[in-house]
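# Structure at a glance
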Amino acid sequence: MKKKTRAFLKWAGGKYGLVEQINGRLPEGKKLVEPFVGAGSVFLNSNFDNYLLNDVNPDLITLYKYVKARPVTFVKDARKLFSQKNNDKVAYYGLRAEFNQTDDPYYRSLLFLYLNRHGFNGLCRYNLKGGFNVPFGDYGKPYFPEDEIFAFSEKAKKAKFVCEDYKKTFSRARKGAVIYCDPPYAPLSSTANFTSYATGGFDANEQAKLAKVAERAAFKRNIPVLISNHDTELTRKLYDQSEQSFVKVSRTISQNGAGRQKVGEIFAYYANKPNDK
């Protein structure tokens, strides 16, 4: 079995542990379109000729463009931030403030990686004013993902990165493409809403809109769509026009180890209905 490739970012809801399940459900195609690329585990562990990768978070997409264009320089510059003196609460909050104040896209990208690896649980969260506000993680020695950055950069030669509304990314897809969606998940409960990883959030109305956009892509344009989400009464209802399948995944749903348990995941697969007129 081919060794899996890890993303270079820590990411809440990352799909590294599910790539076999996802690849087994994706049909063949020339291009994989991901309207919600996140850390890119599906991109890194799938085999398409080309990729169109979108995320609504401009910091993430800018980082990916720099890693694709100049990986050696990026690694050299980013490594300087991974020093023992910067693995400190005071240093972290100082660099977080610099990230929120700077308009330099390259420096923001370097700091984004630093904050991702030094912040709590690898979370990516912004306040209503757009300020990154994840607290210090207090890890012994944060890992510097040099090998993973170079692997991402190499694979990115096949990819185009965009930062736009997911509906526009859907509209870019053409026949022969396959769409995989990993949207911000519907909450398992009213107290477990993790959808605001970029300013704006992704509420129940957006979940419903995504289902309708997927139906149109598959049924009207013959472009297959696979969506993953939490298995809830809401998602089962929203995806009622799809072929549904289910898995259990281990996920941390609270800050302590006791909160780690199996939760249900739904895969909704939309394909062209040959009998439709």
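All of these numbers come straight from a predicted model, not from anything done at the bench. (Residues numbered from 1 in each chain as written. Predicted model: local features only at pLDDT ≥ 70, side-chain atom pairs only at ≥ 80, totals over all residues. Heavy atoms only, no water.)

## A word on the packing of aromatic side chains
What counts, and what does not: Pairing of aromatic side chains here covers Phe, Tyr and the six-membered ring of Trp, requires ring centres within 6.5 Å, and sorts the geometry by plane angle: under 30 degrees stacked, over 60 edge-to-face, intermediate tilted. Only protein chains enter the calculation, and the probe is 1.4 Å; a residue is then buried if its accessible area is under 20% of its type maximum, exposed if over 50%, and partly exposed in between.
What the rule picks out here adds up to 23 aromatic pairs. Summarising the aromatic geometry, the rings of Tyr-126 and Phe-132 are spaced 5.7 Å apart at their centres and angled 90° between planes, so their arrangement reads as edge-to-face. In this structure Tyr-126 comes out as buried when scored by relative accessible area, which is 11%. Residue classification places Phe-132 among the buried residues on the basis of a relative accessible area of 3%. Cluster of aromatic residues (ring-pair linked, three or more members): Phe-8, Phe-43, Phe-48, Tyr-51, Tyr-64, Phe-152 and Phe-161.

## A few points about unusual backbone geometry
One can expect most non-glycine residues to show negative phi and most peptide bonds to be in trans. What counts, and what does not: Each helix is a run of DSSP H or I of at least 4 residues and each strand a run of E of at least 2, with the numbering of both proceeding from the N terminus.
Even without being glycine, Asp-138 reaches a positive phi, approximately 60°. Within the element layout of this structure, Asp-138 appears in the loop between α6 (105–118) and α7 (146–155). On the accessibility criterion, Asp-138 (61% relative accessible area) is exposed.

## Quick notes on the domain arrangement of the chain
For the record, the criterion: Here the bounds of each domain stem from an automatic or database domain assignment.
Assigned domains of the chain: these are domain 1 (18–56 + 164–270) and domain 2 (63–147). Computed over C-alpha atoms, the centres of domain 1 and domain 2 are 26 Å apart.

## Overview of the environment of Lys-262
We count it as follows: Between two residues, a contact is recorded if the distance between any of their heavy atoms is within 4.5 Å.
Topologically, Lys-262 is positioned in strand β7 (residues 260–270). With a relative accessible area of 55%, Lys-262 lands in the exposed category. Residues Lys-262 and Lys-248, spaced 14 residues apart in sequence, show a C-alpha to C-alpha distance of 5.8 Å. In this structure Lys-262 touches Lys-248, Val-249 and Ser-250, once residues within four positions along its chain are discounted.

## Thoughts on the pairing of strand β4 (residues 177–181)
The side chains of a regular strand alternate, first on one face of the sheet and then on the other. Filter applied, for reference: Each pair of strands is called paired provided DSSP finds at least two bridges between the two strands.
Most of β4 sits inside the fold, with 5 of its 5 residues counted as buried. Burial along β4 is two-sided: the face carrying Ala-177, Ile-179 and Cys-181 and the face carrying Val-178 and Tyr-180 are both buried. Sheet topology note: the strand β1 (residues 31–34)/β4 ladder contains 3 bridges and is parallel. Bridge pairing in β4 links Lys-31 to Ala-177.

## Some details on a positive patch on the surface
Test applied: Only residues whose relative accessible area exceeds 30% and that form no salt bridge enter a patch; like-charged residues are grouped when within 9 Å of one another, and nonpolar side chains (Val, Leu, Ile, Met, Phe, Trp, Tyr) when within 5 Å. Each accessible area value is a Shrake-Rupley result obtained with a 1.4 Å probe; residue values ignore everything except the protein chains displayed when judging cover. The salt bridge definition used is simple: a Lys or Arg side-chain nitrogen within 4 Å of an Asp or Glu carboxyl oxygen. Counting rule applied: Lys, Arg positive; Asp, Glu negative; His and chain ends not counted. Note on charges: their place is set at NZ of Lys, CZ of Arg, CG of Asp or CD of Glu.
Residues Lys-31, Lys-65, Lys-160, Arg-174 and Arg-221 make up a contiguous surface patch of positive charge. Locating Arg-221 in the fold gives a position in helix α9 (residues 204–221). Residue classification places Arg-221 among the partly exposed positions, given a relative accessible area of 34%.

## As for the packing of helix α4 (residues 71–79) against α6
Worth spelling out the cut-off: Structural elements are reduced to axes, namely lines fitted to C-alpha atoms, with helices fitted over the stretch in contact, and the angle between N-to-C directions of any two is expressed from 0 to 180 degrees. For any helix crossing, the convention is left-handed if the near helix is rotated counterclockwise from the far helix by under a right angle, and right-handed if that rotation is clockwise. Three residue categories are used. Nonpolar comprises Ala, Val, Leu, Ile, Met, Phe, Trp, Tyr, Cys and Pro, charged comprises Asp, Glu, Lys and Arg, and polar comprises the others, including Gly.
Interaxial distance between α4 and α6 falls to 10 Å at its minimum, and their mutual angle equals 60°. By crossing handedness, the relation of α4 to α6 is classed as right-handed. Only Tyr-106, Ser-109, Leu-110 and Leu-113 of α6 make contact with α4, whose side of the interface consists of Thr-73, Phe-74, Asp-77 and Ala-78. A breakdown of the residues in the contact of α4 with α6 according to their chemical character gives 5 nonpolar, 2 polar and 1 charged.

## Thoughts on the packing of helix α5 (residues 89–101) against α6
Remark: α5 packs on α6, axes separated minimally by 10 Å, with the N-to-C direction vectors making an angle of 145°. Viewed along their axes, α5 and α6 form a crossing whose handedness is left-handed. Where α5 abuts α6, its residues Ala-91, Tyr-92, Leu-95, Arg-96, Glu-98, Phe-99 and Asn-100 lie against Tyr-107, Arg-108, Leu-111, Phe-112, Tyr-114, Leu-115 and His-118. Partitioned by chemical class, the residues of the contact of α5 with α6 number 9 nonpolar, 2 polar and 3 charged.

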